[in-house]
Each structure stands twice: as C-alpha cells, then as structure tokens.
Amino acid sequence: MPIRDDVVVIGGGLAGSMAALSAAESGAGVRLISHKKSTLRQASGLIDVLGAVDGDAPIADPFAALDRLPEEHPYRVVGAEGIREGLRRFDDVVGDRYLGSHTDRNALVPTHGGTIKPTARYPVSVAPGLASAAEDTLLVGFRGLTDFDPVAAAAHLEAAGVPFDVDGAVVEFPIQFRDDARTTRFAKAIDEDQEDVRDRLAGTVAAGIDGHDRVGFPAMLGDDHGTAVREYLEDRLGVAVFQIPTGPPSLLGMQLEDQLIDALERAEVRLSTGNPAVGYEAEDGRLTAVTVDRRGQEVPYHATEFVLATGGLVGKGIDSDRESVSEPLFGCHVPHPEDRYEWSESEAFGDHAFARFGVVPDDDLRPTDADSAVHFPNLRAAGGVLGGADVAREKSAAGVSIATGTYAGRRAGEEVAQ
Amino acid sequence: MSDAEFPQSTEPTVQDDFEPVSVFEDGEMDLRPGADNCYKCSVCDTTCPVAEVDDDFPGPKFQGPEQWRLKRKDDVEVDDSIMSCSNCMRCDDACPSGVPLSQMHNTARGEYVDEQMSKLSREYVRNRILANYGTLARLGSKVPRLTNLVMGNSLVQRLNEKLLGITAERDFPAFATRTFREWWRERGGPQVQSEDKRVAYFHGCYSNYNTPEVGKAMVRVFEEFGYEVVVPRQRCSGTPMFANGMLDDAERAASVNVSELSDLLEEGYDVIASCTSCSMSLRQEYPELFQLSGIEEVAANTYESLEYLRIHEDLDGALADAAVDEQAFAYHAPCHARNQGLDRQAVELFREVDGVEMEDVGDSCSGISGTYGWKEEKYETSMKIGEDMFEHMHDAAGEVGMTECPTCSMQMEHGTGYEIKHPLQLLEEALC
Ligand SMILES: Cc1cc2nc3c(=O)[nH]c(=O)nc-3n(C[C@H](O)[C@H](O)[C@H](O)COP(=O)(O)OP(=O)(O)OC[C@H]3O[C@@H](n4cnc5c(N)ncnc54)[C@H](O)[C@@H]3O)c2cc1C
Ligand code: SF4
Ligand code: SF4
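An unreviewed UniProt entry annotates chain B as Anaerobic glycerol-3-phosphate dehydrogenase subunit C of Halobellus ruber.

Chain A carries the name Glycerol-3-phosphate dehydrogenase subunit GlpB in an unreviewed UniProt entry, which gives Halobellus ruber as its organism.

(A) Focus on the overall build of chain B. Scanning chain B from terminus to terminus reveals 24 helices and 10 strands. Every one of the 432 residues in chain B was classed for burial, and the buried ones make up 64%. A separation threshold of at least 6 residues defines the contact pool for chain B, and within that pool the share at least 24 residues apart is 75%. If you sum the accessible surface of chain B, you get close to 17100 Å²; carbon and sulfur atoms cover 46% of it.

(B) Layout of the domain arrangement of chain B. All names here are of chain B. As assigned here, chain B comprises domain 1 (31–116), domain 2 (122–164), domain 3 (180–311) and domain 4 (319–431). Here domain 2 and domain 4 have C-alpha centroids that lie 26 Å from each other. On the side of domain 4, 5 residues touch domain 2, which itself brings 7 residues to the contact. Summed over both sides, the interface of domain 2 with domain 4 buries roughly 460 Å², with 51% coming from carbon and sulfur. The three residues of domain 2 that bury the most area against domain 4 are R126, L130 and E161, which together make up 76% of that side's buried surface. At the boundary of domain 2 with domain 4, the tally comes to 2 salt bridges. One can count 2 residue pairs in polar contact (both at pLDDT 80 or more) joining domain 2 with domain 4. Element by element, the count of residues in the side of domain 2 that touches domain 4 is highest for helix α7 (residues 122–131), at 6 residues. Of the residues belonging to the side of domain 2 that touches domain 4, the class tally is 2 nonpolar, 1 polar and 4 charged.

(C) Looking closely at the confidence of the model for chain B. All names here are of chain B. Looking at chain B, the pLDDT average stands at 85 and 89% of residues meet or exceed 70. Across residues 1–27 the pLDDT falls below 50, and counting only partners more than four positions away or on other chains, this stretch makes 60 contacts in the model. Of the two predicted TM-score estimates for the complex, the pTM is 0.88 and the ipTM is 0.79.

(D) Broad picture of the site of ligand 2. The local shell around ligand 2 consists of B:C48, B:P49, B:V50, B:P60, B:C85, B:S86, B:N87, B:C88, B:M89, B:R90, B:C91 and B:H105. Going through the elements one at a time, α3 (49–53) and α5 (90–94) of chain B are the ones with two or more residues in the shell around ligand 2.

(E) Seen up close, the site of ligand 3. The full set of residues close to ligand 3 is B:C38, B:Y39, B:K40, B:C41, B:S42, B:C44, B:K61, B:C95, B:P96, B:S97, B:V99 and B:L101. Counted by class, the shell around ligand 3 contains 8 nonpolar, 2 polar and 2 charged residues.

(F) Representation of helix α4 (residues 60–73) of chain B within the structure. Helix length check: α4(B), at 14 residues, gives a terminal C-alpha distance of 19 Å against a target of 20 Å (1.5 Å per residue), a fit within 8%. By the largest-angle criterion, B:E66 marks the main kink of α4(B), which is about 40 degrees.

(G) Spotlight on the pairing of strand β15 (residues 305–308) of chain A. Residue and element names in this part refer to chain A. Residues of β15 alternate between two faces, with E305 and V307 on one and F306 and L308 on the opposite face, all of them buried. Summarising the sheet, strand β1 (residues 7–10) and β15 pair through 4 bridges and their orientation is parallel. The partner of V9 across the bridge, within β15, is V307.

(H) The arrangement of the packing of aromatic side chains in detail. A full pass over the atoms with the stated rule returns 20 aromatic pairs over all chains. Geometrically, the ring pair formed by A:F142 and A:F173 is edge-to-face, given 5.0 Å between the ring centres and 80 degrees between the ring planes. Pair noted here: A:F142 is in strand β7 (residues 137–142) and A:F173 is in the loop between β8 (166–171) and α4 (183–191), with a separation of 31 residues, a long-range link. Residue A:F142 is classed as buried on the basis of its relative accessible area of 3%. Judged by relative accessible area, A:F173 falls into the buried class, the value being 3%. Both rings, one in B:F180 and one in B:W184, keep their centres 6.3 Å apart while their planes meet at 25 degrees; by these two values the pair is stacked. Taken together, the residues B:F180 and B:W184, both in helix α11 (residues 180–187) and 4 residues apart, mark about one turn of the helix. Judged on exposure class, the residue B:F180 and its partner B:W184 are both buried. Three or more aromatic residues joined by ring pairs form one cluster here, namely A:F142, A:F173, A:F177, A:F186 and A:F217. When the ring centre of A:F63 is taken as reference, the NZ or CZ atom of A:R84 above it lies at 3.9 Å.

(I) Broad picture of empty space enclosed by the protein. Counted under the stated rule, the structure contains 5 cavities of 30 Å³ or more. A volume near 200 Å³ is recorded for the largest cavity. Forming the walls of the largest cavity are 21 residues, and the residues nearest its centre are A:S272, A:Y301, B:R310, B:G341 and B:L342. Among the secondary structure elements, those contributing two or more residues to the lining of the largest cavity are β2 (30–34), β11 (270–273), β13 (286–294) and β14 (297–302) of chain A together with α18 (305–312) and α21 (345–350) of chain B. Each residue belonging to the lining of the largest cavity can be placed in one class, and the counts come to 8 nonpolar, 6 polar and 7 charged.

Reading guide: rules and limits
Residues numbered from 1 in each chain as written. Chains lettered and ligands numbered in written order. Predicted model: local features only at pLDDT ≥ 70, side-chain atom pairs only at ≥ 80, totals over all residues. Heavy atoms only, no water. Helix = DSSP H or I, 4+ residues; strand = E, 2+ residues; numbered from the N terminus. Buried < 20%, exposed > 50% of the residue type's maximum accessible area, 1.4 Å probe, protein only. Contact = heavy atoms within 4.5 Å. Areas by Shrake-Rupley, 256 points an atom, 1.4 Å probe, with all protein chains shown as cover. Domains from an automatic or database assignment. Buried area = accessible area lost by both parts, 1.4 Å probe. Salt bridge = Lys/Arg side-chain N within 4 Å of Asp/Glu carboxyl O. Polar contact = N/O pair within 3.5 Å; in protein donor to acceptor, adjacent residues only side chain to side chain. Nonpolar A, V, L, I, M, F, W, Y, C, P; charged D, E, K, R; others polar. pLDDT = per-residue confidence, 0-100. Near = heavy atom within 4 Å. Expected span 1.5 Å × (residues − 1). Bend = angle between axes of the 7 residues up to and from the residue. Pairing = 2+ DSSP bridges. Phe/Tyr/Trp six-rings, centres within 6.5 Å; stacked < 30°, edge-to-face > 60°. Lys NZ or Arg CZ within 6 Å of the ring centre and 35° of its normal. 1 Å grid on protein atoms, 1.4 Å probe; cavity = no way out; pocket = protein on both sides within 12 Å on 5 of 7 lines; lining within 4 Å. Points joined across faces, edges and corners; volume = space filled by probe spheres on them.

Quick look at the structure:
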C-alpha cells in the first residue's frame, strides 16, 4: 500500500505548521509536505494580528477593529474566536519564550529600521525594548554589520515621537570577521562565548551606557544560550538589555521555526520536506492524493482531508506572470484585474491589488471557483495563499496564518473523525 | 528591506520558468537566469556548514550568483575559495528562489581546476587520488588484508599526510575480505525472478569494497518483497569527482553508468541505490552537468532503496508485526538525503517497530562530505562542523549510530567510536 495519512498539509510555513498541529490534536494521522524552508527564516519572528486598518495605525486593540475589515477578509471567516483559538495554540507552542498573551492590546516594538510595529506576540528578549516604556534607550550596532544602522534607527525612532531619548552607537565587535559576515556568525560567536567575546563586548559597551536605562542590540545575542547571554550582559551593564528584530536572515525567525518543528515532532506529525507538490488525484469530486515531484517522478501522498498552505507570492503558493495570477497546485481561482497596470499603485506602500491576491474561501475556508462553488469538499486553505487580506499593510501576516491554519487543521481533523 | 517588513511591498516578481539544464550556449552552460533569481536574502549563507565555522569562506551566495555575475562581466578568475565548498548541497535546498547553487558551484569548481590549478601541484594529485577512490579501492581490495595492514600503519599514514596532504588523523576504512560483487557472483546472482518487480542495484564503491553487508541486506530485503534484483556493471557515481572539480573523470564514469542503466530501464528495471550521495548524483548532478543520451530517464527512475519500498510496498504494514532485539540508534540524516526529501524516512519508519528506539541527532552536517574531511587542510573544519552531531550522538540513548551515507558513517565512527549501521541492515533484521 502506498503512502497514506488522514490529513495532508501542503506547505511548511507558519500556516501549514499550525494546521498540522491542530489536525494532530484531534487524533488524526498528519503529514506535512513542504518544498523549501519556510519564509520564517526571513520573517521578524514577531506575531502581528492586526496593526492597521485603512491606513489608520497603530491599532491598539485588533479585536475591536475586526468589524472594520472588508467582508472578504479571512478574519471574517474564522471570527474573533478563531483568532483567539489560533493564538492559544501558538502560545502552547512557544511556551514562555514569547510574551503578549496577557492582553488583547498590541505591544509597540521598535524594529531595526527605527519604525514602531504594533504586534500581538513578541519574543521575551524583545520585551524590555517596548516603545511604551518611557526609558532612555541606547541602540548598539557593530561596524561591518551593515544590516543594522543604530544611529539612523535612533533618529527614526525619535522622529516617530517616542516618549524617551534614543541614541545610537556603532562599536567594534570584539572578534574580527570577514567584511560581509552574517548575523548568524556573530550570534554563534556570542552563543559559544568564543574568545571571551561576552566579556569583551560588555567591556566595550559599558563605557557608553552613560545614563541610558536600557540597551538594544540587533537580534544576535546568542542562540541556545540566549537567555544566559542577556542575563550576563544585564548584570555587567547594570541596565536592561533587549534585542531588535532584524531583516533576513533573521535569528528570531529561525528560532521560531525551530520551535515549530519541535512541536510538530512532539505531535508526531510526519514531515516530508525537500520536494514540491505538483499535482493531485481526485475521485467522485473528492481529492484523494496530492502528487509530489521527486525529480522526474510523481509520488502520490494519499489522505482523506487536505490543507493548502503554500504561502503567497513570496512562498510560491501564488504565481504570477505578465498576463495572469494563479494558484499553481490545484488551479484554484484567483480573482485579479484583467489589466496588469491595475495590479499595483505607484506608491510602494499603497493599496495594491496584488497584495490581496489569493484564493477565495467559502465560510469553511474551502477554496471556491469563479462561480463560488467549492473546488473540493475536502480541501481547505490557510495563510498567505488566501486572498482578501493585505497582510503587509495591515500588519496581520502571522496572525492570519495562525488563525486560518488552526481553523483549517481543526476542521480537517473533525472531518476525519466523522 | 529596510525593516522587519515584507517583500510584498514591491511588484510581484515575474517568474520566468527557468530550466538550467536546457539553456546551453556554445556548449557552455548559461546559468545567468538562475543567478538573476537571487534576491540576496542570504538564507543560503545561514545554512552553509562551512561558512558557519570557517570565517574565510565567503559562502554559497558569493560562490554562486555573485561569482557568476562577476565572471560574466570582466575577465575575472574563479575565486579559489570554491575549493573550500564541500558540495554538501545544503544551499540548494535552502534557497527560496530556486537558484541552482550547487550546479553553479560544480561548474565553477570544474573551471577552476581545469584552468587555474597546476596539474603538478600536490593538491591536484591528492585530489585526483581521493576523487578516484573507486580505482584505489579496486586495487586495494585485490589484497584486502595486506592493504588494511599497510594503510592502517601509522608510519604510512604520516607519509600520506606529508607527501599527499591526506590527514593522518583518520584511519582508512578497512576493505572487506570479499567484495559485494564477489559475494553476488558466488551466490549465483538473483534468487528471485519476476516479470514486473525488477530493480537494478547501484551499489557504488563503498558498499562493494568496504561494507558489503549493506549490499547484501539490500538484496535480501528486496528479494523478500519479491523483487528480481540485478547488479549491473558500474563505475563510481561521480560524487567525489564533482566535489574535487574533476568533471571529465565524472563524465566518463557517468557515461558508463547511464548507458548500462538505460539498457536495464528498457527491460523494466528501476534503479535503486543504498548510498544517498549516489542517488543524488544520478538524479540531480548528472542531468545538471552532462548531456548524455538517456540521462533524463535514468535520473527520473533512480530511487534510494528505502524510498522505493515506501512508495511501492506496504512497509508500515510489514513492520507492524515485526519485532527485533531491543536496540537504540542515534540517527543522522546525510545532507544528500535531506536534499532528496529523505531525511525523515528512517526515523518515521522505525518509530513504530517493537524493540527499536530511534533518535534523530539533529539537522547539522556531519562535516566529512566525502573526500573533504580527508584533506589535511580541511580536517579541522570538518571536525568543527561535526561537533554538534557528535554531541547529539553522545546525548542520545543509543550507542549505535545509523545513517545512509558511507562517509557520514566514517565521521560518526571517528567522532564517537560508535558502531554505525545502515537502515537496510535493520530492515533485514526485522523482515528477513
Ligand atoms: C521578510 C519577511 C518578513 C516578515 N515579517 C513579519 C512580521 O514582522 N510580522 C508578521 O506577523 N509576519 C511577518 N512575516 C510573515 C510570516 O512570517 C509568514 O511568512 C506568513 O504568515 C505567511 O505564512 P504561510 O505559512 O502562509 O506561508 P509561507 O511562510 O510562505 O510558507 C509557504 C510554504 O509552502 C511551501 N510551498 C510552496 N509551494 C509548495 C508546493 N507546491 N509544494 C510543497 N510546498 C510548497 C514553501 O516552500 C513554504 O515552506 C514576514 C515574512 C517575510 C517573508
Ligand atoms: S554546497 Fe554546502 S559547503 Fe558548498 S556552499 Fe553550499 S552549503 Fe556551503
Ligand atoms: S537563498 Fe537564494 S535568493 Fe537568497 S541569497 Fe541565496 S541564492 Fe540568493
């Protein structure tokens, strides 16, 4: 007998992982198929639920703003309870490594570009830097690490009107690396305390503390020993120490990815990564298998229920060429203007049509065709592949993935149990 | 991206359907469209095990798309750091944008060795010897006991290091007193005949000369499932040659393999390998690098042995009633298994078997990467990369290691002193 499971989830990002976890909870045998590493490696590691609506930002309470979202927004399908359920499940995965579950309200996190991001969940190491705390702040960056410019970031934050003083300082990292060394290289050195780097780093920074209440570093303060590193630095510097989420490659994103994989393993989800799903088999209108390309041959993975979580334009769940936009795996309908020039606005952060491109779900998250009929009764979609949300502009990406992933996975599990 | 923001805030990327192998220009591969897909996210650099421990290694992004662009523009030579890439191919798997990184590295390395490396240098000679391990093994295995004695001699090892730059830290793998092929001949070839269940076994060098027990397990397990197994004439898969930039040697070996295997495909055989670097090579590197008749068909019909059974047989069912002696394993997934999507299958498969405890020792690279860890100047890097794996192996309950890759198994043994088995051997114990 070929490879068979109860539920097959396609896509190993945040949405797919949450879907697999929530399906496994119901007792179903779950397999997660993913082609590449998820975009979490590049993501900030922050979990945004809803930070802006129609250009109105920052939103203080995402739940209170749900009514202002368009009808076709995925949050409208899963509702406030769906979002809460997703967040609960996420909180279980990350345990005490994330904060924010004590309140519905958004926290304000300074980013490495010097903007303030309204977010629902954030790593513990980020917490002492929240912009709502009126404490004078020193941002420290390293010469040679071009990803983070502390002086510019400090100026941006001041300009954004934060209620405290911010200064930036570039210092020499105690160990000399090649010119374009990655953040991960710095992080490893600190993690392993190579060449007494922790002590030397503390020594370098201590001289510049000068009345500041807290010090922020780009997120590279160790990995396995991150907590110990921060405690050590706080002890030596006598002030709070926090991390600032960085752009790709992002250590906080990678750490979240690790936690998700651990959770999937604990839940005994079967992981098949490295090869893309390229097609499907169906019988009597129901999906019976997705086929995975293993360099030339297609191998069917059979299941009773399926979840499509292949991401948006970045994750390759939605494809576009000069003429049209499509969902490549099942050929699900993706509405878009005929005229390519209407796909986007001239302004980079404008209200782009393409940002909302994605499959159209019914009230059970099943993708529908142009006539609103479901493609398959046993296929649900979650995360970036869903249309209707402009997650970048709304600051809702991880939230949409978590809420819809959890919902789709739970429903798939329930259907199997029947 | 200036911020922890999204790339969506730019135009959607227009993806040209890019097939690196089909774009040739004047007989030379044009990988530019592949290079153009790179949006410099650096994810590949964060997964490179060499860059992680060797600060002088610029990483896959430089070796691939950046070097490619530089070279197209002016008369720039290939950077010699290409010889520090271990060809683990992890970067391939990491790139979200489908940049054919390892193909670029293999091509650049070939060019570097052809045009910039002195054929008289100690490095070239040493690399050529290492890359052609199969030839060495063929000679050595003619008098296995003598060879084992000589190669195990510490004086010889020190001489190897001094003269050739082959590290004296490692013990040469012992040659079996009877090769797999000898066993196969003496046993009288296949014991099962079948019209529709047929596989051709690509044993590779290592299970022929060094660990014939893996090959024997493969044969017994497949025959147990009713397969007719044949063992075609074959040469080295080419993996060590790619890694040392010896593309001509690799092409010669590939043409023998492809032609032998093509004939068998026509008779209804699928190709299976027990070494994940061999299957990787036949599947991916052959069609990426060479134009040989039948190469695509061979690539498409080559499988790793366990993978083949999982697709075609009810392995879970067969193992459900199996019980073996209580034993615990520390399992390491080879990089080349990872890249074929096979890194979880052994753990997944044996998890349910009575008596077996199987622990994955994590996703680090073992560090040996075939011939890489044998080079005197790379030995230290190789051991540094392996450190994580050694630690995890020590922490795991099992005192026996398990992996599909022969050189990973050398490294595992070298770093921990554990005995190492192949999943096929456990399958044999459970089913035969
Ligand atoms: C640079 C960047 C920064 C971000 N910053 C933030 C932030 O600050 N706050 C926030 O809340 N969110 C942020 N995000 C978004 C968030 O982390 C997730 O990317 C988002 O939630 C989308 O998740 P997803 O699971 O739907 O898709 P993805 O993460 O894109 O995952 C899709 C997965 O599907 C796989 N896949 C695609 N096609 C196939 C196929 N045919 N077969 C098998 N597998 C396939 C892909 O390989 C991938 O693993 C950021 C994202 C990026 C890229
Ligand atoms: S093949 Fe391996 S060693 Fe070489 S650049 Fe890629 S990840 Fe690094
Ligand atoms: S992962 Fe791919 S796109 Fe990103 S830098 Fe490397 S080659 Fe370029």
